[in-house]
Amino acid sequence: MEPKIITIVGGGSTYTPGVVKAILSKKDTFHVKEIRAYDIDYQRQEDVSIIVRKVIENDCPECKFITTTDPETAFKDSDFIFAQIRVGKYKMREMDEKISLKYGAVGQETCGCGGLTYGLRTIYPMVEILDYVAKYANPNHWILNYSNPAAIVALALKKIRPNARIINICDMPVAIVNSFADILNCNPKDIKPFYFGLNHFGWFTDVWVNGESRFKELLDHAMKSGYLCETPDEQHWEPSWVETYKNVKPMINRFPDYLPNTYLEYYLLSQDIVDHSNKNYTRANEVIDGREKTLFDAINQYKETGKYDDKTFVVGAHATFIVDLAESLCKENGGRYLLIVENNGAVANLPDDAMVEIPCYVSPKGIEKTSVGHIPTFYKGLIEQQYASEKCIVEGAIEHSYTKVLQGFALNKTIKSSTQAKEILDEMIEANKEYWPELR
Ligand code: NAD
Ligand code: G6P
Ligand code: MN
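Criteria and cut-off values
- Residues numbered from 1 in each chain as written.
- Chains lettered and ligands numbered in written order.
- Predicted model: local features only at pLDDT ≥ 70, side-chain atom pairs only at ≥ 80, totals over all residues.
- Heavy atoms only, no water.
- UniProt positions renumbered as here; feature names shortened; annotations may be inferred.
- Buried < 20%, exposed > 50% of the residue type's maximum accessible area, 1.4 Å probe, protein only.
- Helix = DSSP H or I, 4+ residues; strand = E, 2+ residues; numbered from the N terminus.
- Pairing = 2+ DSSP bridges.
- Right-handed = clockwise from strand over helix to strand, strands pointing away.
- Near = heavy atom within 4 Å.
- Polar contact = N/O pair within 3.5 Å; in protein donor to acceptor, adjacent residues only side chain to side chain.
- Areas by Shrake-Rupley, 256 points an atom, 1.4 Å probe, with all protein chains shown as cover.
- Nonpolar A, V, L, I, M, F, W, Y, C, P; charged D, E, K, R; others polar.
- Phe/Tyr/Trp six-rings, centres within 6.5 Å; stacked < 30°, edge-to-face > 60°.
- Lys NZ or Arg CZ within 6 Å of the ring centre and 35° of its normal.

As annotated in an unreviewed UniProt entry, the protein carries the name Family 4 glycosyl hydrolase and comes from Anaerococcus lactolyticus ATCC 51172. The record in UniProt for the protein states the following under Sequence similarities (unreviewed entry): "Belongs to the glycosyl hydrolase 4 family."

Next comes the structure, spelled out in structure tokens:
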């Protein structure tokens with residue numbers, strides 16, 4: 001294999017040190033000669049890169065590393081582009097959550113009004129990145145995109161740049177499978193999940209370990225304890241994540257057909273989530289005081305003392321998955337992953353243009369989808385409502401249509417009435433002036 005060049009977009013992300021560590025952990029099989037960090041926030045990226053440089057110095061000093069805010073330098077001949085941008089950063093995530101909660105609605109970064117709002121911020125910055133990549137990168141490049149809200153980003157980019165070589169991904173099912181492995185006392189690599197849905201809106205229909213279904217054991221466990229397990233994924237241990245893992249319990253007791261993605265709590269338990277939220281201290285605050293602070297404390301400590309603590313970031317499901325996928329895209333029998341892809345009949349009774357999350361095989365040829373078949377009415381109904389909401393947002397952004405965006409808000413299952421939808425949308429427009437396409 002030719003040694004690769006990887007560009008990390010959102011080089012200043014809290015996940016960058018972990019992603020770099022995961023890349024270098026594969027140096028014997030996945031040859032990477034250069035890693036480039038690209039961000040629009042020069043200072044944040046330089047700060048985070050202090051830790052990244054220490055990781056490289058320790059794990060693979062021969063790997064070249066550069067930081068840049070210049071697109072040509074970032075993408076020239078790049079083979080893999082890992083995107084993890086947060087448009088508006090945590091400040092705007094906090095606004096999404098708090099404005100929604102003020103009106104009694106869910107403001108989660110990817111679900112409810114929070115997700116719709118963040119989607120409208122992220123579509124066009126991602127289009128810009130796709131255009132830079134098309135202009136400068138190796139023609140056989142792959143963009144692996146984590147940037148949220150992945151469901152809306154995937155749908156929008158498919159419409160606006162249908163030929164882009166982008167694969168949209170999510171680490172949540174991977175983290176859930178890690179919990180399944182812990183519950184079943186097996187290796188996550190031996191698990192074969194069967195799954196359908198939209199991103200952050202899907203269900204496991206079966207879970208095999210070495211060819212044998214272990215669904216019933218997982219169902220029994222989830223009925224009693226949700227997805228709580230002895231060793232949760234490193235990313236999901238904070239109090240709000242523990243609550244999220246517990247919230248699987250009421251969902252599975254009510255709807256025991258399939259094991260839900262944790263994010264379904266925002267739709268199936270939306271009122272409970274709002275009632276139990278602290279309107280003054282949301283997940284954005286928890287991340288600012290947790291993941292971000294821990295990393296920046298280490299950066300500041302290094303600036304002051306020259307000492308570095310490698311326990312200030314995690315590799316986790318997030319970094320492991322994106323690097324596994326990149327390596328698999330270089331191999332003939334790359335493997336099977338849950339990916340967000342254009343439906344086109346894979347789920348027989350969902351619209352062709354929906355971006356569904358389903359099992360796929362990967363190789364240098366790209367993605368081969370598996371066929372899911374028909375899904376039952378309850379799941380189809382939920383998914384179609386969410387898909388319609390997200391599609392209205394995407395069309396609203398493209399057409400600069402206030403009405404379409406309002407339809408997207410009003411259609412969302414987390415919203416009670418079009419009055420509530422309009423109140424939230426109007427305040428979101430004010431808060432997002434700097435970021436949103438103009439709506440007329
Ligand atoms: P973060 O704020 O720490 O990092 C995001 C970085 O993106 C910042 O440095 C910011 O300056 C940069 N950025 C913003 N707009 C940019 C642009 N147009 N071009 C280049 N860089 C830009 O955020 P984080 O918590 O580390 O998360 C990063 C992203 O990854 C978020 O979108 C988050 O939701 C996503 N994420 C997705 C998954 C998934 O399962 N899909 C999992 C984890 C994180
Ligand atoms: C999960 C999801 C991601 C989300 C991430 C971090 O793994 O799949 O989409 O961004 O968690 O969320 P957090 O609230 O910790 O920033
Ligand atoms: Mn996700």
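And the narrative resumes.
K.L.:
Help me understand the pairing of strand β1 (residues 4–9) in this model?
P.N.:
Put simply, side chains in a regular strand alternate between the two faces of the sheet. Where burial is concerned, most of β1 is hidden: six out of the six residues are buried. Burial of the side chains of β1 extends over both faces: Lys4, Ile6 and Ile8 are buried on one face and Ile5, Thr7 and Val9 on the other. Across six bridges, the pairing between β1 and strand β2 (residues 32–38) is parallel. By the bridge assignment for β2, Ile5 is matched with Glu34. Between the parallel elements β1 and β2, the chain passes through helix α1 (residues 16–25) in a crossover that is right-handed.

K.L.:
Help me understand the site of ligand 2 in this model?
P.N.:
Close to ligand 2 lie 15 residues, the nearest being Arg93, Glu109, Asn148, Asp171 and Arg283. Take His200: an N or O atom from its side chain is 3.1 Å from an oxygen atom of ligand 2. Contact distances for ligand 2 include 3.4 Å between an oxygen atom and a side-chain N or O atom of Tyr263. Coverage of ligand 2 by the protein chains reaches 93% of its 390 Å² of free accessible surface. Here the shell around ligand 2 is composed, by residue class, of six nonpolar, four polar and five charged.

K.L.:
How should I be thinking about the packing of aromatic side chains in this particular structure?
P.N.:
Each pair of aromatic rings is reported with the distance of its centres and the angle of its planes. Taken as a whole, this structure holds 20 aromatic pairs when the rule is applied. Both rings, one in Tyr263 and one in Tyr266, keep their centres 6.1 Å apart while their planes meet at 40°; by these two values the pair is tilted. Their ring planes at 85° and their centres at 5.1 Å tell us that Phe378 and Tyr379 sit as a pair that is edge-to-face. The class of Phe378 is partly exposed, set by a relative accessible area of 35%. Accessibility expressed as a relative area gives 1% for Tyr379, which makes it buried. Here the aromatic cluster, defined as three or more aromatic residues joined through ring pairs, consists of Phe196, Phe201, Trp203, Phe255, Tyr258, Tyr267, Phe378 and Tyr379. Directly above the aromatic system of Trp142 lies the positively charged group of Arg165, at a separation of 4.2 Å from the ring centroid. Taking the ring centre of Phe194 as reference, the NZ or CZ of Arg336 above it sits at 5.0 Å.

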